[in-house]
Amino acid sequence: METAVTGWQGLLELEFAAQDGATQLSRSTMQAPLKVQRPFFPEGDRVCHVVTLHTAGGVVGGDRLSTQVRLGPNAQVLSTTATAGKIYRSNGLTAAQNTQIRVASGGCLEWLPQETIVFDGADYRQRLRVDLEDDALWLGWEITRLGRTARGETFASGEWRSHTEVWHDGKLLWVDPQQVRGGSSVMTSAHGLGGCPVVASFALFGRRLDAFSPDLLTQVRQFHPSSQLPNPSPFDYAITRLQSGLLCRYRGSSTLESRCWFTQIWHLLRPPLLGRPGYVPRIW
Amino acid sequence: MNSEVALGGERLLRLLQLASPALPVGAYSYSEGLETLVTREQLPDAEGLRHWIEQELAVGAMRLEAAVMVRVYEAAIAPELPDLHHWNQWLSALREAEELRLQSWQMGRSLYRLLLDLDPNIAPLLKACGEPSDFAVNFAVVYAIAAAHWQIDQRAALLSYLHSWVSNLVNAGVKLIPLGQTAGQRLLLGLAPAIARATDEAIALPADEFGACGWGQAIACMTHETLYTRLFRS
């Protein structure tokens, strides 16, 4: 029997190189629907900013999207996305997104995509693997809304899986194999999502985090999510130290709330870890 | 489902020693987030504790810890020493709350040293995971290696490990909530089907199905680090 090839086979390969203190996008390969906009330098030529986008609007069953990002020695990159990601209800096939990141020593990648909205009935698997060499640094967040809750939709069926691995010089530092089946007991139980449609994680990794002082951790802990809304929904959050890293977890109902909290921590840590002040991408 | 096991007398006795609360690894000093829940008044009674433990076994990190123990047991039998190293590292990476990671390493280190003393022939298997001075060998890994080395049936080893883990959490709940001793024992007995189910699922779980969801559990464990008063170390 013939197997029909359906869905997009999207590809994005980006390579960044630093020379004389300036970082450039040195090579890029694109295959629809993935695309990168022209890099820009709002903080000067030291940090290369890029915005990636999904030109088809959203991910459907059968899509295979693959992204590879490589930073050469000392390259400094901030990457975000143009819009929120959307994962549509499945047509019976699984949608998959694979991202591989490699950062050479002295390099730093700030990986700050906008949130992903997983529609009811979506069947989605994403994998993210980060490899850090020597004194490389990676920080990134992942903000996910399960169900289009603004329309009263819940994630009643389908499956969301997100597998993240962070390696440093061949040693696995963190593995985060998340799995939520739509409509299952984990969505409501206090042990799982506790009825919260939004889950978000912000992690930072690098050898520099080994020397992370208790003082700095105390400072990080003064921040907490706070809602801008008149009738805030309950949320829960916490911070812990990982092996050569730091992790912030949030479960609640507002993607904005989680991103504002993460941004406060990101801005606090940017000067001591990266030697540059906080910055807010205009696209948000 | 087949949770039947048969063990010869000496193997049964070794397993009882391994799973005993008297094993000097200090399990009683850890609550794995329960202290946070009780402090925040989110765990009022035995029913709440039963639900919490059942969820952790069915969909939480414990489901993956048990599945990793299956891999470790098989790698120790083979023996495939690089696999032992890999799965120990994997479990350290999975235990994200710092206190849980330190708990797993502290208990692992204690059992590691004890086993080296009791049965020096086990040394090559343990050393494949790391030296005890690395402070990074997980209790579940050492336990699975001991069970394999002593040729204890895999299913029996997993059942006993999970039972001893549940028993410890129930005891923490008895102290914290608090519950009567009889209520605790009733709870433990009632959790037997959940333990058997988790064991069978761990043995059958393919590696590409390793997934879990325990945001409430993770946040409770991470929050424990900043609780004002703490009786437990996690």
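One structure accompanies this document, and this report is about it. (Residues numbered from 1 in each chain as written. Chains lettered and ligands numbered in written order. Predicted model: local features only at pLDDT ≥ 70, side-chain atom pairs only at ≥ 80, totals over all residues. Heavy atoms only, no water.)

### Here we look at the overall build of chain B
Counted only if it meets this: Secondary structure elements are defined from DSSP: runs of H or I of at least 4 residues count as helices, runs of E of at least 2 residues count as strands, and each element is numbered from the N terminus. We take the radius of gyration over the C-alpha atoms and set the globule estimate at 2.2 Å times the residue count to the 0.38 power. Per-residue accessibility, obtained with a 1.4 Å probe over protein chains only, is compared with the maximum for each type, and a residue is labelled buried under 20%, exposed over 50%, and partly exposed between these values. Here a residue-residue contact requires only that any non-hydrogen atoms of the pair lie within 4.5 Å. The charged-residue count follows a simple rule in which Lys and Arg add positive charge and Asp and Glu add negative charge, with His and chain termini not counted at all. Lysine's charge is taken at NZ, arginine's at CZ, aspartate's at CG and glutamate's at CD.
When its secondary structure is counted, chain B shows 12 helices and 0 strands. What you see in chain B, going N to C, is helices and strands ordered as α-α-α-α-α-α-α-α-α-α-α-α. Scaling as 2.2 N^0.38, a compact globule of 234 residues should have a C-alpha radius of gyration of about 17 Å, and chain B matches this with 17 Å. If you line up chain B on its principal axes, its C-alpha atoms span 45 × 35 × 35 Å. Considering chain B as a whole, with its 234 residues, one finds that 59% of them fall into the buried category. Contacts spanning at least 24 positions in sequence make up 81% of the contacts within chain B whose residues lie at least 6 apart. Side-chain charges in chain B split into 17 positive and 26 negative, and the spacing between the mean points of these groups amounts to 4 Å.

### A few points about the sheet that holds strand 8 (residues 95-103) of chain A
Counted only if it meets this: Strand pairing is assigned whenever DSSP identifies at least 2 bridges connecting the two strands. Angles here are taken between N-to-C directions and fall from 0 to 180 degrees, while the axes themselves are lines fitted to C-alpha atoms, restricted in helices to the stretch in contact.
Pairing is mixed across the open sheet formed by 7 strands, whose spatial order is 2-1-5-8-11-13-14 (chain A). Unpaired on one side and paired on the other, strand 2 (22-31) and strand 14 (171-181) of chain A mark the two borders of the sheet. Strand after strand, the sheet turns through a mean of 10° between neighbouring axes, direction not considered. Pairing analysis gives 10 bridges linking strand 11 (residues 123-132) of chain A to strand 13 (residues 159-168) of chain A, with the strands arranged parallel. Looking across to strand 13 of chain A, one finds that Arg129 of chain A is bridged to Glu165 of chain A. In the packing of helix 5 (residues 81-94) of chain B onto the sheet, the strands contacted are strand 13 and strand 14 of chain A, and the crossing angle to strand 14 of chain A comes to about 65°.

### Some points on helix 3 (residues 46-59) of chain B
Where we set the bar: Helix span is expected to be 1.5 Å times the residue number reduced by one.
Relative to the 20 Å expected for 14 residues at 1.5 Å per residue, helix 3 of chain B spans 20 Å between its end C-alpha atoms, a close match to the ideal helical length. If you follow the buried residues of helix 3 of chain B, they end up packed against helix 2 (34-39), helix 4 (61-77), helix 9 (154-176), helix 10 (181-190), helix 11 (192-204) and helix 12 (215-224) of chain B.

### Considerations on the interface of chain A and chain B
Heads up, the condition is: What gets called buried area is simply the loss in accessible area from a 1.4 Å probe that two parts show on being joined, summed for both. Put simply, a salt bridge is a Lys or Arg side-chain nitrogen that is within 4 Å of an Asp or Glu carboxyl oxygen. Two N or O atoms count as a polar contact when they lie within 3.5 Å, although within protein this holds only if one can serve as hydrogen donor and the other as acceptor, and sequence-adjacent residues are included solely when both atoms are side-chain atoms. Gly falls in the polar group here, along with every residue not listed as nonpolar (Ala, Val, Leu, Ile, Met, Phe, Trp, Tyr, Cys, Pro) or charged (Asp, Glu, Lys, Arg).
Every contact between the two is made by 38 residues of chain A and, on the other side, 34 residues of chain B. Summing the contributions of chain A and of chain B, the shared interface buries around 3000 Å²; its carbon and sulfur component is 54%. Counting across the interface, chain A meets chain B through 6 salt bridges. There are 23 residue pairs in polar contact (both at pLDDT 80 or more) connecting chain A and chain B. Counting only elements with at least two residues in the side of chain A that touches chain B, the list comes to strand 13, strand 14, strand 15 (198-206), strand 16 (236-242) and strand 17 (245-252) of chain A. By residue number, the principal contributor to the side of chain A that touches chain B is strand 14 of chain A, which donates 11 residues. Looking at the side of chain A that touches chain B, its residues break down into 18 nonpolar, 10 polar and 10 charged.

### Quick look at the pattern of salt bridges
Residues and elements named next belong to chain A. Using the criterion set out here, one finds 26 salt bridges over all chains in the structure. When the shortest N-O distance is used, the salt bridge between Arg27 and Glu15 registers 3.2 Å. Note that Arg27 is positioned in strand 2 and Glu15 in strand 1 (residues 9-19), a separation of 12 residues in sequence. The exposure class assigned to Arg27 is partly exposed, which follows from its relative accessible area of 36%. A residue is classified by how much of its surface remains accessible, and Glu15, at 28% relative accessible area, is partly exposed. For Glu159, the salt bridge is made with Arg181, and the minimal N-O distance between the two is 3.4 Å. Of the two residues, Glu159 sits in strand 13 while Arg181 sits in strand 14, which places them 22 residues apart along the sequence. Here Glu159 falls in the buried class, since its relative accessible area comes to 14%.

### Digging into the environment of Ser184 of chain A
Residues and elements named next belong to chain A. Among the structural elements, Ser184 can be located in the loop between strand 14 and strand 15. The exposure class assigned to Ser184 is partly exposed, which follows from its relative accessible area of 23%. Spatially, the C-alpha atom of Ser184 lies 11 Å from that of Thr154, the residues being 30 residues apart in sequence.

### Some thoughts on the nonpolar core
Residue and element names in this part refer to chain B. For the record, the criterion: In this text, buried Ala, Val, Leu, Ile, Met, Phe, Trp, Tyr and Cys residues form a nonpolar core when linked through side-chain atoms within 4.5 Å.
The biggest cluster of nonpolar side chains holds 84 residues, and the ones touching the most others in it are Leu57 and Ile145. No other element matches helix 9, which puts 13 residues into this core. Residues contacting Ile145, with those up to four places away along its chain left out, are Val72, Ala76, Leu84, Ile122, Leu125, Leu126 and Cys129.

### Side note on the pairing of strand 1 of chain A
Residues and elements named next belong to chain A. When strand 1 meets strand 5 (residues 64-71), the two strands line up parallel, connected through 8 bridges. Its bridge partner lying in strand 5, Leu12 is registered against Thr67. As judged from the 9 bridges shared by strand 1 and strand 2, these two strands associate in the antiparallel manner. Residue pairing in the sheet places Phe16 in a bridge with Leu25 of strand 2. In sequence, strand 1 turns back onto strand 2 through a hairpin of 2 residues, with Asp20 there showing a positive phi of about 50°.

### A few points about the pairing of strand 12 (residues 137-146) of chain A
Residues and elements named next belong to chain A. Burial runs high along strand 12: 9 of the 10 residues are buried. Sheet topology places strand 10 (residues 116-118) next to strand 12; 3 bridges connect them, and they run parallel. Note that in strand 12 the partner of Ile117 across the bridge is Arg145. Pairing between strand 12 and strand 15: 9 bridges, direction antiparallel.

### Things to note about the packing of aromatic side chains
To describe a pair of aromatic rings, one takes the distance between the centres and the angle between the planes. All names here are of chain A. Convention followed: Think of it this way: a Phe, Tyr or Trp ring, Trp meaning its six-membered ring, pairs with another when their centres are within 6.5 Å, and the plane angle makes it stacked under 30 degrees, edge-to-face over 60, tilted otherwise.
Taken as a whole and judged by the stated rule, the model has 19 aromatic pairs over all chains. Arranged with centres 5.1 Å apart and planes meeting at 85°, the rings of Tyr88 and Phe119 form a pair that is edge-to-face. One end of the pair, Tyr88, is in the loop between strand 7 (85-87) and strand 8; the other, Phe119, is in the loop between strand 10 and strand 11, with 31 residues separating them in the sequence. For the pair Trp138 and Phe205, a centre-to-centre distance of 6.5 Å together with 25° between the ring planes defines the contact as stacked. Taken together, the positions of Trp138 in strand 12 and Phe205 in strand 15 put the pair 67 residues apart, joining distant regions of the chain. An identical accessibility class is assigned to Trp138 and Phe205; each is buried.

These figures come from the coordinates and say nothing about function on their own.
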